[in-house]
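Spelled out, the chains give:
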Amino acid sequence: MPNLTECAEWDTNGTTILYDPLLRYRFQPQPQTIFIDTNNNIYVTDPENHRIHRWFYDSANSEESIFHDISKPHGLFVSTNGDIYFSDQQGNCIYKWSANQNTIEREPVTCFGYECSSIFISVNNMLYCSMQTRNQIVTKSLVDRSNVAEVVAGNGSHGNAPNMLHSPLGIFVDTDLNLYVADYSNSRIQLFPHEKNDSKTVVDLLRGPTSVILDANNNTYIVDRSNHSIVRSGPNGLQCIIGCTGSRGSSSSQLDLPTSMAFDSDGNIYVVDAGNKRIQLFVLASNCLCCISMNQTLLKITHPFYFIFFYNNRRQQHFVQ
């Protein structure tokens, strides 16, 4: 993950990677999940067309589609050695495309019995599966495939208690093995500390979060789907950083029902702008330390959850509770 400060900023206007009409044609009805590997290659699942797209770093004309006979790939994770793990919506299994063999292994890595809407592989080689319909997160070792799956979040019933989930989607596991869950229908981010039972809400005031990522400094980035925006939670509170126009749309500064995001090694953000059937790139504009002066102008507005202030003639939006 990139080393970003809590005051990092991105260009307001995004760029559609590749040629827009061509991208719209390929993503019918819409893309789903994005992942960027350690070499900055980009992967996007295309469930309705039964394939995964891949773009090689710094080569716009090297896009390829990885075709297979799996019904609908949704969850996606690429290991450091280039192996591609993906979940199959209809078969409820996890499959692996082997980088060494350049093919999909015939036997699934594992089958959880329920669809994995999102998957994640932790630093200790544990495979995590977000079961949206089961309201649980389960995990299983990739080293010992004979072991049984373990429930690490949720009790199987939907609810908003600290230990419960309601239609969980995106997941992220940090290097300390703490689990972060985009608890979609509860409109919150839940933290489940490793081997502890004191799960808690770390971000709320959202509208249908679908993806959650942490940077190297533990700032939390969230795809706030129904707010058509990307927000960040850190020492400065909850801030809108992308798609902050207040409405959905197709302009370069807007998003329409985004589903997933990813960082490249330079801190640029790629967003699956599902409603617009495109992948948007937002370039990192500044990664400076926060320097707030005493004569900073603060302007409160009518929205109950955030305020706007201007610093060095640049507009900042901060959410407050």
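Just above sits the structure.
In this report, we go over the structure that sits alongside the text. Keep in mind the model is a prediction, meaning the values are calculated, not measured. (Residues numbered from 1 in each chain as written. Predicted model: local features only at pLDDT ≥ 70, side-chain atom pairs only at ≥ 80, totals over all residues. Heavy atoms only, no water.)

Structural notes on the sheet that holds strand β15 (residues 150-153)
Paired through backbone hydrogen bonds, the strands of a sheet run either parallel or antiparallel to each other. Ordered by their spatial adjacency, four strands build an open sheet running β12-β13-β14-β15, and the pairing between neighbours is antiparallel. Each end of this open sheet is capped by a strand with a single partner; those strands are β12 (118-121) and β15. Put simply, the sheet's adjacent strands are angled 30° from each other on average, direction ignored. (Pairing = 2+ DSSP bridges. Helix = DSSP H or I, 4+ residues; strand = E, 2+ residues; numbered from the N terminus. Axes fitted to C-alpha atoms, helices over the stretch in contact; angles between N-to-C directions.)

What about the pattern of salt bridges?
Oppositely charged side chains can form a pair if their charged atoms are brought close together. Tallying each qualifying case throughout the model produces six salt bridges. Across the pair aspartate 273 and arginine 278 runs a salt bridge, and its minimum N-O distance is 2.7 Å. Take aspartate 273 and arginine 278: they sit in the same class, and that class is buried. Members of the salt-bridge network, linked through shared partners, are Asp83, Lys96 and Glu105. (Salt bridge = Lys/Arg side-chain N within 4 Å of Asp/Glu carboxyl O. Buried < 20%, exposed > 50% of the residue type's maximum accessible area, 1.4 Å probe, protein only.)

Considering the state of the cysteines
All chains considered together, the criterion is met by three disulfides. In this model, cysteine 93 is linked to cysteine 111 through a disulfide, with the two sulfur atoms separated by 1.9 Å. Residues cysteine 93 and cysteine 111 share a disulfide whose torsion about the S-S bond is about 95°; that sign makes it right-handed. Taken together, the positions of cysteine 93 in strand β9 (residues 93-98) and cysteine 111 in strand β11 (residues 110-111) put the pair 18 residues apart, joining distant regions of the chain. The disulfide partner of cysteine 240 is cysteine 244, and the S-S distance across this bridge is 2.0 Å. Taking the torsion about the S-S bond as the criterion, the cysteine 240 to cysteine 244 disulfide, at about -105°, is left-handed. (Disulfide = S-S within 2.5 Å.)

Focus on the packing of aromatic side chains
Evaluated as defined, the whole model comprises six aromatic pairs. Arranged with centres 5.1 Å apart and planes meeting at 65°, the rings of phenylalanine 77 and phenylalanine 120 form a pair that is edge-to-face. Taken together, the positions of phenylalanine 77 in strand β7 (residues 73-78) and phenylalanine 120 in strand β12 put the pair 43 residues apart, joining distant regions of the chain. A network of ring pairs unites the aromatic residues Phe35, Phe77, Phe120 and Phe172 as a single cluster. (Phe/Tyr/Trp six-rings, centres within 6.5 Å; stacked < 30°, edge-to-face > 60°.)

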